[in-house]
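Chain residues, written in single-letter form:
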Amino acid sequence: MRLTEINFDGIVGPSHNYAGLSLGNLAATAHSGDVSHPRAAALQGLAKMRHNLALGLAQGFLLPLPRPNGEYLARLGAEPATARGLTAAAWSASAMWTANAATVSPAPDTADQRCHLTPANLVTMPHRAQEWPDTARQLALAFADPAHFILHPPIPPSFGDEGAANHMRLCDGHAQAGVEIFVYGRAGGPFPARQHEQASRAVARLHGLDPRRTLFIEQNPAAIAAGAFHNDVVAVANARVLFTHAEAFAEPDRAYLAIREAFPQLELVEVPSSAVSLAEAVRTYLFNAQLVTLPDGETGLIVPMECIESAAVSAWLARMTDGNGPIRRVLPVDVRQSMANGGGPACLRLRVVADPAVVDPRFLLNEAKAALIEGVIARTWPEQIDPADIGNETLAADVIAARYALLDALDLHELG
Ligand code: SUG
């Protein structure tokens, strides 16, 4: 067994659009009504995957879900002409943000030493609550080997579960037992708290985690109110490092104490509000970065371009890498099309610690397959979508055909 962290990025779907469906997601609501560029969006996502492959990281992908979701509209008795909001939901490409696909507990953390996955029910947002059945079908295919993976059903409603976006793991090495941290929100603020404590606790129980190595921490209500609708907008962890904004947690000192108690090797990198305000952290997605262990053992931070363009954030990053903290390299990527809907580099990936040899190889990326995917996207993905065209039958046919072309190229007809 060669346990490695594999990042499974969501390929941006051909219906990618800006319909402003996520209350509390400031980028998505600010761009509501803008014309989107699905082809450019998918190529940006693919370029990020290639960038990470070139760094020597293991890379996989998940496919866009079937959109428009006609069954969803039929079950609601909705017609495109009259139900604009529901139609937009049925067209959403939101499954691209695979950090919300599932919560994953690697084998070394679980009682039966298998990797446990629970698809997120995403019940808080109607356009996202339709994702899990198709996501689960895909996870069942990719992680089919019962000797290594257990796929649970989603947590039943109304306990809101948003998956890995509200889950962090600290460990000495990915293949060693780690400490899993579940971060939940409490209702009552101006925006929904999408991850519920009871859902987090249920996932931890079902995954067979050791209570001594499992923590439940409350997200700062002020962070949710500032637009951090998922904790991964204000904090990210990898190996021994926790990179967090000072205002991420409701009671930061208590949170750090509890984490240190469970994981004394913690290397904490806390960004003070005086260096980067909560608003600037949310605007630039500094913490929605991929914190990765590079093949030479160094820790790298894959950040959105927006961080480099921000005076405050780039000054902080320069100070950080000049010092002798654990994060040594900053690697910017352009995912602007996704960012405009509130999805940064970390939203676009689901981390699974596994031996690549036990994953269905059709979901693993190499350079040849990246070129194949690029060709399909360039040929078939719509160049742009005006929100006024959502519901249009010709466009729907193009979107459906584009996804089928990709399934065909990747020999993934089971997802059809
Ligand atoms: O759920 N945006 C997504 C962004 C998810 C980001 N994921 C993480 N932080 N891990 C969301 O809010 C916008 C879609 C629209 O408005 O059409 C959207 O769903």
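Only a predicted model underlies this, so the values are computations on that prediction, with no experimental measurement involved.

## Focus: the site of the ligand
Item 1. Contacts to the ligand come from 21 residues, most closely from Leu-21, His-127, Arg-194, Asp-232 and Cys-347.
Item 2. The contact in question runs from an oxygen atom of the ligand to an N or O atom on the backbone of Gly-20, over 3.3 Å.
Item 3. Asn-341 has a polar backbone atom sitting 3.1 Å from a nitrogen atom of the ligand.
Item 4. Protein contact buries 99% of the 490 Å² of open area that the ligand shows by itself.
Item 5. Residues belonging to the shell around the ligand are distributed by class as follows: eight nonpolar, ten polar and three charged.

## Remarks on unusual backbone geometry
Trans peptide bonds make up the majority, and among non-glycine residues the majority have a negative phi.
Item 1. A cis amide bond links Arg-67 with the next residue in sequence, Pro-68, at an omega value of -5°.
Item 2. For Pro-68, the location among the structural elements is in the loop between strand S2 (58-62) and helix H3 (70-75).
Item 3. The omega torsion of the bond from Pro-157 to Ser-158 falls at 10°, within 30 degrees of zero and hence cis.
Item 4. Positionally, Ser-158 belongs in the loop between strand S5 (149-151) and strand S6 (167-170).
Item 5. One non-glycine residue, Leu-122, adopts positive backbone phi at about 50°.
Item 6. Looking at the secondary structure, you find Leu-122 in the loop between strand S4 (115-119) and helix H5 (126-129).
Item 7. When its relative accessible area of 1% is taken as the criterion, Leu-122 is described as buried.

## Focus: the pattern of salt bridges
Item 1. Under the counting rule described, the total for this entry stands at 20 salt bridges.
Item 2. Here Asp-334 makes a salt bridge to Arg-336, at a shortest N to O gap of 3.8 Å.
Item 3. The class for Asp-334 is partly exposed, based on a relative accessible area of 31%.
Item 4. The structure contains a network of salt bridges with shared partners spanning Glu-306, Glu-309, Asp-334 and Arg-336.

## Here's the deal with the pairing of strand S3 (residues 102-105)
Item 1. Covered by surrounding structure in S3 are Ala-102 and Val-104 together with Thr-103 and Ser-105, the residues of both alternating faces.
Item 2. Bridging between S3 and S4 involves four bridges; their strand directions are antiparallel. Paired with Val-104 across the two strands is Leu-117, which belongs to S4.

## Some details on the side chain of Asn-288
Item 1. Structurally, Asn-288 can be placed in the loop between helix H10 (278-284) and strand S12 (290-293).
Item 2. Judged by relative accessible area, which is 0%, Asn-288 ranks as buried.
Item 3. A distance of 3.0 Å separates a polar side-chain atom of Asn-288 from the backbone nitrogen of Cys-347.
Item 4. In this structure, Asn-288 is in contact with Asp-232, Val-233, Pro-304, Gly-344, Pro-345, Ala-346 and Cys-347, ignoring residues within four places of it in sequence.

Quick notes on the rules
- Residues numbered from 1 in each chain as written.
- Predicted model: local features only at pLDDT ≥ 70, side-chain atom pairs only at ≥ 80, totals over all residues.
- Heavy atoms only, no water.
- Near = heavy atom within 4 Å.
- Polar contact = N/O pair within 3.5 Å; in protein donor to acceptor, adjacent residues only side chain to side chain.
- Areas by Shrake-Rupley, 256 points an atom, 1.4 Å probe, with all protein chains shown as cover.
- Nonpolar A, V, L, I, M, F, W, Y, C, P; charged D, E, K, R; others polar.
- Helix = DSSP H or I, 4+ residues; strand = E, 2+ residues; numbered from the N terminus.
- Buried < 20%, exposed > 50% of the residue type's maximum accessible area, 1.4 Å probe, protein only.
- Salt bridge = Lys/Arg side-chain N within 4 Å of Asp/Glu carboxyl O.
- Pairing = 2+ DSSP bridges.
- Contact = heavy atoms within 4.5 Å.

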